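# Understanding the architecture of this molecule
Now for the letters of each chain:
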Amino acid sequence: MSRVVGLRCLTCGADYPVSGMFEGCPKCRRGEFASNLNLEYDLAPLRGLTRRALEEWTGPGIWRFAPLLPVEREDCRVTLGEGNTPLLICPRLSRDAGVELWVKDESRNPTWSYKDRLACVATSKALELGAKVTTMASTGNHGAATAAYAARAGLDCVIFTLPTVPQAMVSLMLSYGAKVVATTFYGRWELMAHCVREYGWYPMGNYLMALPTGNPFGLDGYKTLAFEICIQRHWDVPDAVFVPVGYGEGFRGIWRGFCDMRDLGLIEKVPAMVAVEPEGGPICNALKKGATIPERVPAKQSVAFSINGDYTSVGSMVTIRESGGSGVEVTDAEIMSAQALLGLEGFYPEPSSAASVAGALKLAREGRLRDVRSVVCILTSTGLKDPAATAAVRPGPPAIEPRVSELMRALKETYGFDPGA
Ligand SMILES: [Zn+2]
């Protein structure tokens, strides 16, 4: 069992004792700038761990990896059977892209998104710390996961959302018994901040008007994605991992998982982490300017609403730097094209999730994956959360009279399919 020894600032390196610090590094905080604190572990008790031994760890859901997660009390570990999602190659997309293109299908999680990994660990930590209420400002997946794990843990849960959020997302949150309120874009953070500071509600993610700092415990839930990728690929680490990125918690967490495996001597190389975001996003804006600190970019429309933030975290930029990674921006058309191509491989991801594959295909087209053998794209959530996005670009089926001649005509005209050919 490793042990969490403190929190460390990603910008100034200051160390803090483990506590409920959710607003980033106090020393670095200036105006809109806030720097993430990440957990520091003492891995010494795990020295000598072999690949075989780690593969044989057992436990419910992602608690299989409990020795590398920040919740010590076993009776506080909540699970809905998250994790252990399939890692599958896409044969046709691989052929087109000229690299092995694998997808990690995170839609197989309990609330159909990878946010379950975060919610699992953050909610368990809330129990360990004695919290009574968890809270989150979310446009969807994060809120659904927060609500489900609160229900499982027997905690009250308040979710702040926007009036524009797809009905499927709201229905999920309400079904899990969360108290959901819709309010304004910035108002949801103001209200959440008040309730965290005044009532001691436990924040499952960001509530700052500054650069997002999130929940460092929940962030480490994403480490388990990297552990699973290492095991599922028999320790053949992919050259690059493509992640749809908004605030960059998943992006950072996955990278931290690969770092754990490296620091324990279980892998030698680590993947380049590639952040994929909607066109005009804050990461590519900062990279183009050569800036290490992301700045706010103008708000825009995108079909990928789950990752369509006007800013990102310091952690996103640090992850790109540490991993030798990069950023790529994709248009709505590229995202919806990737969603359609993934459908032909048997996957139906949310548009935001298809962005990871859209990013990989774009770099392949631009000849930027020539030295790359294999990539893993994270499909973070299911398309069933936002079917309207697909319906908007895909005509409905033809309605026909029940006659064979009509069927043949419709198959040919609509789908170019001729059964007699
Ligand atoms: Zn600092």
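What you are looking at is a predicted structure, and each value in this text was computed from that prediction instead of being measured. The residue numbers shown here count from 1 along each chain, following its written sequence. Owing to the predicted nature of the model, reporting of local features is limited to residues with pLDDT of at least 70; listing and counting of side-chain atom pairs is limited to 80 or more, with chain, interface and lining totals taken over all residues. Excluded from the side-chain calculation are hydrogens and water; included are all heavy atoms of the structure.

By the criteria applied, helices consist of DSSP H or I runs no shorter than four residues and strands consist of E runs no shorter than two, each listed in order from the N terminus. The number of helices and strands found in the protein is 15 helices and 13 strands. Atoms counted for the radius of gyration: C-alpha only. Globule rule: 2.2 Å times residue count to the power 0.38. Taken over C-alpha atoms, the radius of gyration comes to 21 Å for the protein, in line with the 22 Å a tight globule of 421 residues would show. Dimensions of the protein, computed from the C-alpha atoms along their principal axes, are close to 75 × 45 × 45 Å. Three exposure classes are used, based on accessible area relative to the maximum for each residue type with a 1.4 Å probe and protein chains only: buried under 20%, partly exposed in between, and exposed over 50%. Across the 421 residues that make up the protein, the buried fraction comes to 60%. Only the protein chains shown count as cover for residues, and all accessible areas are computed by the Shrake-Rupley method using a 1.4 Å probe. Of the roughly 17,200 Å² of accessible surface on the protein, 53% is carried by carbon and sulfur atoms.

So, about the pattern of salt bridges. We count a salt bridge whenever a side-chain nitrogen from Lys or Arg sits within 4 Å of a carboxyl oxygen from Asp or Glu. Summed over the entire model, instances satisfying the criterion amount to 28 salt bridges. Across the salt bridge formed by Arg108 and Asp105, the nearest N and O atoms sit 2.7 Å from each other. Assessed through its relative accessible area of 6%, Asp105 is described here as buried. Between Arg409 and Glu413 there is a salt bridge, with the nearest N and O atoms lying 3.0 Å from each other. Taken together, the residues span about one helical turn, with Arg409 and Glu413 both in helix H15 (residues 404–415) at a distance of four residues.

This part covers empty space enclosed by the protein. With a 1 Å grid laid over protein atoms only, a set of points is called a cavity when a 1.4 Å probe fits there but cannot get out and a pocket when it is open yet has protein on both sides within 12 Å along at least five of seven lines; lining residues have an atom within 4 Å of a point. Grid points are joined across faces, edges and corners, and a volume is the space filled by probe spheres set on the points. Taken as a whole, this structure holds two cavities of 30 Å³ or more when the rule is applied. For the largest cavity, the calculated volume is near 80 Å³. Taken together, 15 residues form the lining of the largest cavity, with Asn36, Leu219, Tyr247, Glu249 and Ser313 sitting closest to its centre. Counting residues per element, the ones that place at least two in the lining of the largest cavity are helix H9 (249–263) and helix H11 (314–323). Polar here means any residue outside two lists: the nonpolar Ala, Val, Leu, Ile, Met, Phe, Trp, Tyr, Cys and Pro, and the charged Asp, Glu, Lys and Arg; Gly therefore counts as polar. Among the residues making up the lining of the largest cavity, the classes are represented as four nonpolar, nine polar and two charged. Counting contributing residues per domain, the lining of the largest cavity is built from domain 1 (45–78 + 113–213) and domain 2 (87–110 + 218–391), each supplying no fewer than three. In this structure, the second largest cavity encloses a volume near 30 Å³. Split into classes, the residues belonging to the lining of the second largest cavity amount to four nonpolar, four polar and one charged. Each domain's extent was defined by an automatic or database domain assignment.

For the rest of this paragraph, the subject is the packing of aromatic side chains. Only rings of Phe, Tyr and Trp enter the pairing, Trp through its six-membered ring, and a pair is recorded when the two centres are within 6.5 Å. The plane angle decides the type: under 30 degrees is stacked, over 60 is edge-to-face, the rest tilted. Using the criterion set out here, one finds nine aromatic pairs in the structure. When the centroid spacing of 5.3 Å and the interplanar angle of 75° are considered together, the rings of Phe185 and Trp189 count as edge-to-face. With relative accessibility at 33%, the residue Phe185 sits in the partly exposed group. Two conditions define a charge sitting above a ring: the NZ of Lys or the CZ of Arg must be within 6 Å of the ring centre, and it must be within 35 degrees of the ring normal. The ring of Tyr41 carries the charged tip of Lys223 above its face, separated from the ring centre by 3.8 Å.

It is worth spelling out the environment of Ser19 at this point. Mapped onto the elements of the fold, Ser19 is located in the loop between strand S2 (15–16) and strand S3 (37–42). Judged by its relative accessible area of 29%, Ser19 falls in the partly exposed class. The contact criterion used throughout is that any non-hydrogen atoms of two residues lie within 4.5 Å. Ignoring sequence-local partners within four residues, the contact set of Ser19 consists of Leu7 and Phe217.

In this section: the layout of surface pockets. As a volume, the largest pocket reaches approximately 930 Å³. Lining the largest pocket are 40 residues, with Thr139, Phe305, Ser306, Ile307 and Asn308 positioned closest to its centre. Looking at the lining of the largest pocket, the elements that each hand over two or more residues are strand S6 (133–137), helix H4 (141–153), helix H6 (187–199) and H9. In terms of residue count, the dominant contributor to the lining of the largest pocket is H9 (three residues). When residues are assigned to domains, the lining of the largest pocket turns out to be shared by domain 1 (45–78 + 113–213) and domain 2 (87–110 + 218–391), each giving three or more.

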